[in-house]
Amino acid sequence: MGRGKADGKPRKRLFTTVLLLAIVGALFFLYSRKSGSSSIEYGSKSLKFGGDDSAIPKTIPVCDDRLSELIPCLDRNFIYQTRLKLDLTLMEHYERHCPMPERRYNCLIPPPPGYKIPIKWPKSIDQVWRANIPHTHLATEKSDQRWMVVKGEKIVFPGGGTHFHYGADKYIASIANMLNFPNNVINNEGRLRNVFDVGCGVASFGGYLLSSDVIAMSLAPNDVHENQIQFALERGIPAYLGVLGTLRLPYPSRSFELAHCSRCRIDWLQRNGILLLELDRILRPGGYFAYSSPEAYAQDEEDRRIWKEMSALVGRMCWKIASKRNQTVIWVKPLTNDCYLKREPDTHPPLCSPSDDPDAVWGVKMKACITRYSDQMHRAKGADLAPWPARLTTPPPRLADFNYSTEMFEKNMEYWQQEVANYWKMLDNKIKPGTIRNVMDMKANLGSFAAALKDKDVWVMNVVPENGPNTLKIIYDRGLLGTVHNWCEAFSTYPRTYDLLHAWTIFSDIIEKECSPEDLLIEMDRILRPKGFIIVYDKRSVVLSIKKFLPALHWVAVATSNLEQDSNQGKDDAVLIIQKKMWLTSESIQVSE
């Protein structure tokens, strides 16, 4: 009996150990499934660019369906898995945190089940397919504010917002009326063109500005309010994923005539007003900040406290109240440095150091200081820009910062007008009205590619590489929008948000930086909508290498120019126009022609 009992204990312990290991293994499997990672799609081998054709993959794996909305550098699963030490109170978890190359997904992002080609512009401003963005949380949460309403297979946008229940159009007209703009039109006869809308919701404010020839950069984080920016871009409204946290916004100084915050729930007093000072940096001389919030009409003791402290802060920043009515106050910035220079010594916030570059933004921390105007802006008593639309083609004063002459500017415009005309000839009947709305110029230089599209019903996200000449301020001075970016990393947008990508010499730049052109191809596929187009303009050898990847990416060549010529004859550049196929969601790719 004793021996029998002794033999039973090891068996019992063995059984218990095996059971525990099985439970731990099951929990690990469930966790990995939940986090959307698996050996086939996460950390797989890098693709090979150029060299031996046998290294070109015949297919590229499709990511798990749970990654259909993956934004690699704004992936909360990645933050949780790597246990990054971030200050949640400063919104650091909503800033960019990109995975290392070995942790990237080398797979194609699938569309969600039932995905449809997006509704064409301009109808899309009012309605999108529910299957394309299957999130209805906001429709329920904001039902009393008329942000969005679910109607059968569609989600419709009545134009409401937290502080404009009766529609963004009436709210915009009221702001124009408060500022005494002619005929209550917000563009102020072309003098107001660029707007920054922070905490934009589904971007109805920016959408309704378009009819007045005003263009807004609508900004919101990838936060608990599901997919606000995804809705905005699906509607065809300019938007960008970002947050006022610890880093400067990716826009140069003096870019916007108006900043807007409608119940954006931002604590403007935190950290000595650093977030308000960041708005000050990107506003032009004489620029406005329209603020619609309970603090503006001070209903209770806490609101009155905030209003008092905020009023004192903006006063020390030399802002003045331009108008105050009901729930909205509009402040205006000074036109010159005079007020800054007359402040008492040791006044806070201080002026920024003369050595600080207010246009340096990529990975640069915000600073709790006031950026004074350049000597040119001070003398001109403003930005000295032509009204829109003349602004688009008028050489802006900040061209001198790059030693660019008026002649160089005009030649650049002529060159891209001709190139864009050639692109559209090559596309021929592939582009139908409303087919292309969201366009990205991946290396925008002076913005002349976007300017050449002025007669098309499109908007362009002009991207300026972080390591090149910081010409983004020229782009904003022309009345266009854009951002700074490093193409060795993923872009801050949802999948399937652009109809056309213009890749001018960007692959040559990536190769020179010793980053992965294969990763860039997969990133472009992520950004591009099914049936969307890519225009690659680069060295012939680079273009030929890209062409070899088309079958694996399920892209097709639409047209080429100068690709087959002998490189010794004529220029060594070529153009390849590509279209992304529409494929259905399943375990394996199916092509829908």
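Residues numbered from 1 in each chain as written. Predicted model: local features only at pLDDT ≥ 70, side-chain atom pairs only at ≥ 80, totals over all residues. Heavy atoms only, no water.

Named according to an unreviewed UniProt entry, the protein chain is Methyltransferase originating from Glycine max. In UniProt, the protein chain has this text filed under Sequence similarities (unreviewed entry): "Belongs to the methyltransferase superfamily." (UniProt positions renumbered as here; feature names shortened; annotations may be inferred.)

## Observations regarding the state of the cysteines
In this structure the tally under the stated criterion is six disulfides. The disulfide partner of C63 is C107, and the gap between their sulfur atoms is 2.0 Å. One disulfide, between C63 and C107, carries an S-S torsion of 95° and so falls in the right-handed class. Placement of the pair is C63 in the loop between α1 (2-34) and α2 (76-82) and C107 in the loop between α2 and β1 (127-129), with a sequence separation of 44 residues. Across the pair, exposure class does not vary: C63 and C107 are buried alike. The disulfide partner of C261 is C264, and the S-S distance across this bridge is 1.9 Å. Where C261 bonds to C264 through sulfur, the torsion about that S-S bond is close to -85°, and the disulfide is left-handed. By relative accessible area, C261 is classed as buried at 1%. Exposure remark for C264: the relative accessible area of 13% places this residue in the buried category. Counting only the cysteines that form disulfides, in the order they appear in the protein chain, gives the pairing 1-4, 2-3, 5-6, 7-8, 9-10, 11-12. (Disulfide = S-S within 2.5 Å. Helix = DSSP H or I, 4+ residues; strand = E, 2+ residues; numbered from the N terminus. Buried < 20%, exposed > 50% of the residue type's maximum accessible area, 1.4 Å probe, protein only.)

## Looking at the pattern of salt bridges
For the structure on display, the rule yields 26 salt bridges. Taking the shortest distance from any N to any O, the salt bridge between R305 and E309 comes out at 2.9 Å. In this pair, R305 and E309 are both assigned in helix α9 (residues 301-316), four residues apart and thus about one turn of the helix distant. We classify R305 as partly exposed; its relative accessible area is 37%. Residue E309 is classed as partly exposed on the basis of its relative accessible area of 36%. Because the salt bridges share partners, they merge into one network encompassing E257, R284, R391, R398 and D477. (Salt bridge = Lys/Arg side-chain N within 4 Å of Asp/Glu carboxyl O.)

## Here we look at the sheet that holds β1
The three strands lie next to each other as β1-β3-β2, forming an open sheet whose pairing is antiparallel. Edge positions in the sheet fall to β1 and β2 (149-151), since each has one partner strand and no second. Taking each pair of neighbouring strands and ignoring which way they run, the sheet shows an average axis angle of 30°. Inspection of the sheet shows β2 paired to strand β3 (residues 154-156) by three bridges, in the antiparallel sense. Within the sheet, the bridge partner assigned to V150 lies in β3 and is I155. (Pairing = 2+ DSSP bridges. Axes fitted to C-alpha atoms, helices over the stretch in contact; angles between N-to-C directions.)

## Here we look at the pairing of strand β13 (residues 481-485)
Extensive coverage of β13 is indicated by the burial of five of its five residues. Of the two faces of β13, both are covered, the one formed by L481, T483 and H485 as well as the one formed by G482 and V484. Where strand β12 (residues 459-465) meets β13, five bridges bridge the pair, whose relative direction is parallel. Each bridged residue has a counterpart across the sheet, and for V463 the counterpart in β13 is T483. For the segment spanning β12, helix α14 (residues 472-477) and β13, crossover handedness is right-handed. (Right-handed = clockwise from strand over helix to strand, strands pointing away.)

## As for the packing of aromatic side chains
Centre-to-centre distance and the angle between the planes together describe a pair of aromatic rings. Counted according to the given criterion, the structure contains 26 aromatic pairs. Look at W459 and Y498: their rings are 5.8 Å apart centre to centre, the planes differ by 55°, and that puts the pair in the tilted class. Taken together, the residues span a long stretch of sequence, with W459 in strand β12 and Y498 in strand β14 (residues 498-504) at a distance of 39 residues. Judged by relative accessible area, W459 falls into the buried class, the value being 3%. Taken together, the aromatic side chains of F196, Y240, Y251, F256, Y476, W487 and F491 make up a single cluster linked through ring pairs. Against the face of W388 rests R193, its NZ or CZ located 3.6 Å from the ring centre. One residue, K443, lies across the ring of W504, its end atom 5.0 Å from the ring centre. (Phe/Tyr/Trp six-rings, centres within 6.5 Å; stacked < 30°, edge-to-face > 60°. Lys NZ or Arg CZ within 6 Å of the ring centre and 35° of its normal.)

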